[in-house]
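Take a look at the letters that make up each chain.
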Amino acid sequence: MKRKILATLLASAMILSLAGCGGGSGTEAPAADNGGAATEAPAADAGAADAGTEAPAADAAGGEETLTVWCWDPAFNLNAMYEAEKVYQKDHPNFKLNVVETPWDDIQTKITTAATSGDLSTLPDIFLMQDNAFQKNVISFPDVCADLTNSGIDFSQFAAGKTAYSVVDGKNYGVPFDNGAVVACYRTDLLEQAGLTVDDFTDITFDQYIENGKKVLEATGKPLITMQAGECDLIMMMMQSAGASLFNEDGTANIVNNDTLKVVMETYKNLKDAGVLAEVNSWDEYVGSIVSGEVAGTINGCWIMASVQTAEDQAGNWAITNMPSLVGVSSATNYSNNGGSSWAVTTSCKNQALAADFLGSTFAGSTELYDNILPSGALATWAPAGDSDAYGAPSDFFGGDAVSAKIVDFSTKVPSNITGVYYYEARNAVATAITNYINGSDLATELETAESTINFNMGQ
Amino acid sequence: MSKPKKMTLSRKHNLTGWAFLAPGALLILVMSFIPMIRALLLSFQTGVGANMKPCGILNYTRMFQDKVFLQSVKNTFFYLIIQVPIMLIFALILASILNNKDLKFKGLFRTMIFLPCATSLVAYAIIFRSLFANNGLINLLFVKLGILDQPYAFLTNTFSARIVIIIALLWRWTGYNMVFYLSGLQNIEYSIYEAAKIDGASAVQTFFRITVPLLKPTILLTAIMSTNGTLQLFDESVNLTNGGPANTSITMSHYIYDMSFKYVPNFGYSAAMSFFILILVAILAFLQMKVGDKRD
């Protein structure tokens, strides 16, 4: 008898919890819908009944000034959103954010699922998107991201190279967030052993870089840079430093007749052959090589500095400067971009004007916000933020240099290039080409293979 | 009067049986078969992301012109042809050693060999990656012992990268197959071995004349399971080598994943490639059953 009671209890508990799960997701959505519709309707009614006074309508909507946001890093972009909420609440006391921590891979999967099923109601109001995935998602799922071009946000104050990631067909779909401006980091103590200083690495070309690198290799036995084999971060940075892309304006692949790409490939091979660049197998090995002092420097997006700074025993021995420029390319510069993300507003957002105004008056309009989030390493791509005093503060880790101001300055000089919808396909094809080219195969043939691979992927 | 009552009883039993079956069957139908059918329909469509349109069998002809996919098929078959036989032979040898009645610490050895199966696929792949890293344990050993002058980049050379994957697979799955053989061996009368011993059969003869023939059904089972598993290999390719260098260690499933989630999503094509794997598994399983079954 006892056992029977127990079984019944267990079974009912299971059924209840199942029902609970099903009911939870089932009832939540309609409730939110009703809420939105309910408040919207009176507002509209009020407006219709009394066209002269808009205040009641605004008040009615004011009760529902809550936006849901998805982003992924608690110390970094979640924190930035909370700070933005505080800044915006000063003028909009009813405003509230519901920030949900969601890893980027999950955001991508959820966007894919929502867009393919046609039910966008599962998406938040605002989400953070990797810059490299922006074009792909806007074009693959045209219904997901709202057009922000005429939303009142001044996009001209952002670095052009950065904004370009979220522009599709001349329309702005994203508000740029974190900075991916490329910095070259060097171990000054190791450079010293080779009789060099950071100044010998500032505003240089890759030819000079290789020469200097050989000296460092001779004096210390350490390479100047490590890179992850099979990934072409450095290649993409070199390409953008000259404003070049793997794609043409019309979206066709630009590989075989791309002279800049040829220079980039040859430069990369020279770096490798000279021993100045050492390849490692994985990301952790790459970071490990920097932190454990196996390498005399690195070139990457400025977010790499967070990893560099985990090597506390090397404090004061690091310095940053701009990256080397390509030789024999007329548009070559010492500035580039790698990584970073932008805020997007979804079309399922009930109050798109509010979302746009929120982003416009915080991430595209508040130096206070950028000052508040600077300690977490979030550097602005919004030019006016760089003039703030907080950005001039020296960093002890980097030898007392005002690194933040330097990076903002770099970021405004980054040439813009075309990401392309098929960015990841092109990247992989080029990574394959460079691997084979380093191992001795012919450059022209490899580039032809790469182009045909990309064209194959595009031709569906 | 008693007869219909009996009928109702058996019918009652039947109904109870169906009632117990129904929830599971329904769940399998909803969770497994309906998605499969949807995937089949999807494989006849093409397009970017959400914009799909019918295309007939284009996806199925397309994959034979896809160099990366053909490369991934080649890689997967390389793993299959090299790894599965080695693994099954190893497992068989280990099982017959551990089946020896006089062996001490049998339980300990069995546990040790089976233990790798209890590790997570991702975790063990990452551990193998760090073992074979440029500054990893293997390179350190080789350099210290004077076998190598400087660290060898195992994962950035095609051949060694594939070998590392095969070694990893052997480590992970040999114990799993061994357990099947061990349980198969329990069903072989020990007196047969004793009889063979009396007849003067050597250990090798006993193995090939008694153990292997009597274990045939189990060997067939493990062969089909391993083939199936290898054709769907994913974790090792993603986590150990990331498909590199230059796609020479990428597996079919890894490429399908890239096509759906990393690249511009083309779900129709991905679905078609998945069905290609299904067909391959079916053909290979059929062949193995034909070869393994000599009853007719």
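Just so we're clear, the structure is a prediction, and the values are computed from it rather than from any experiment.

Caption draft 1: How the structure looks around the pairing of strand β1 (residues 66-71) of chain A. All names here are of chain A. Sheet analysis places β1 next to strand β2 (residues 96-101), joined by six bridges and oriented parallel. If you follow Trp-70 over to β2, its bridge partner there is Val-100. Tracing the backbone out of β1, into helix α3 (residues 74-89) and back to the parallel element β2 gives a crossover that is right-handed. The pairing of β1 with strand β3 (residues 126-130) spans two bridges and is parallel. By the bridge assignment, Val-69 is partnered in β3 with Ile-126.

Caption draft 2: Structural context of the packing of helix α3 (residues 67-98) of chain B against helix α7 (residues 158-186) of chain B. All names here are of chain B. Relative orientation of the contacting elements α3 and α7 amounts to 40°, with a least axis distance of 7 Å. Of the possible angle classes, the one that applies to α3 and α7 is oblique. Like other packed secondary-structure pairs, α3 and α7 cross with a definite hand, here right-handed. Broken down by class, the residue content of the contact of α3 with α7 amounts to 21 nonpolar, four polar and one charged.

Caption draft 3: Examining the packing of helix α12 (residues 252-262) of chain B against helix α13 (residues 267-292) of chain B more closely. Residue and element names in this part refer to chain B. Look at α12 against α13: their axes get within 9 Å of each other, and the N-to-C directions meet at 165°. Of the possible angle classes, the one that applies to α12 and α13 is roughly antiparallel. Considering the relative orientation of α12 and α13, their crossing is left-handed. Every residue of α13 that contacts α12 at Met-252, Ile-256, Met-259 and Ser-260 is listed here: Phe-267, Tyr-269, Ser-270, Met-273, Ser-274 and Ile-277. Of the residues contributing to the contact of α12 with α13, the split by class is seven nonpolar, three polar and no charged.

Caption draft 4: Expanded view of the confidence of the model for chain B. Taken as a whole, chain B shows an average pLDDT of 85; of its residues, 96% reach a score of 70 or greater. Reported confidences for the modelled complex are a pTM of 0.76 and an ipTM of 0.75.

Caption draft 5: Representation of the nonpolar core. Membership of the largest hydrophobic core comes to 151 residues, with the highest contact counts inside it found for Val183(A), Ile235(A) and Val430(A). For this core, the element with the most residues is helix α16 (residues 423-438) of chain A, which contributes eight residues. Residues lining this core come from more than one domain, with at least three contributed by each of domain 1 (65-179 + 339-392) and domain 2 (182-336 + 422-458) of chain A. Setting aside its immediate chain neighbours within four residues, Val183(A) contacts Cys302(A), Met305(A), Ile320(A), Ile407(A) and Phe410(A). Within the second largest apolar cluster, 28 residues are counted, among which are Ile113(B), Ala161(B), Val164(B) and Leu182(B).

Caption draft 6: Here's a closer look at the interface of chain B and chain A. Residue-level contacts link 25 residues of chain B with 27 residues of chain A. Those elements that provide at least two residues to the side of chain B that touches chain A are α3 and α12 of chain B. Here the side of chain B that touches chain A is composed, by residue class, of 12 nonpolar, nine polar and four charged.

Caption draft 7: Main features of the sheet that holds strand β11 (residues 318-321) of chain A. Residues and elements named next belong to chain A. With respect to topology, three strands assemble into an open sheet ordered β10-β7-β11, the strand pairing being antiparallel. Strands at the two margins of the open sheet, each flanked by one partner only, are β10 (297-301) and β11. Strand-to-strand twist in this sheet, taken as the mean axis angle between neighbours without regard to direction, amounts to 25°. In this sheet, β11 lies alongside strand β7 (residues 182-187) in antiparallel orientation, the contact comprising four bridges.

Caption draft 8: The sheet that holds β3(A), seen in detail. Residues and elements named next belong to chain A. Spatial strand order, β2-β1-β3-β12-β6: five strands in an open sheet with mixed pairing. Strand pairing shows two members of the sheet lacking a second neighbour, β2 and β6 (174-176), which therefore form its edges. Across the sheet, the mean angle from the axis of one strand to that of its neighbour is 30°, orientation sign disregarded. For β3 and strand β12 (residues 341-345), the ladder comprises five bridges, and the chain directions are antiparallel. Within β12, the position partnered with Ile-126 by the bridge is Val-345. Against the sheet, α3 contacts β1, β2 and β3, and its axis sits at roughly 175° relative to β2.

Conventions used here
Residues numbered from 1 in each chain as written. Chains lettered and ligands numbered in written order. Predicted model: local features only at pLDDT ≥ 70, side-chain atom pairs only at ≥ 80, totals over all residues. Pairing = 2+ DSSP bridges. Helix = DSSP H or I, 4+ residues; strand = E, 2+ residues; numbered from the N terminus. Right-handed = clockwise from strand over helix to strand, strands pointing away. Axes fitted to C-alpha atoms, helices over the stretch in contact; angles between N-to-C directions. Parallel < 35°, antiparallel > 145°, perpendicular 65-115°, else oblique. Left-handed = near helix turned anticlockwise from the far one by under 90°. Nonpolar A, V, L, I, M, F, W, Y, C, P; charged D, E, K, R; others polar. Contact = placed C-beta atoms within 7 Å. pLDDT = per-residue confidence, 0-100. Core = buried A, V, L, I, M, F, W, Y, C linked by C-beta atoms within 7 Å. Buried ≥ 20, exposed ≤ 12 C-beta atoms within 10 Å, placed from the backbone. Domains from an automatic or database assignment.

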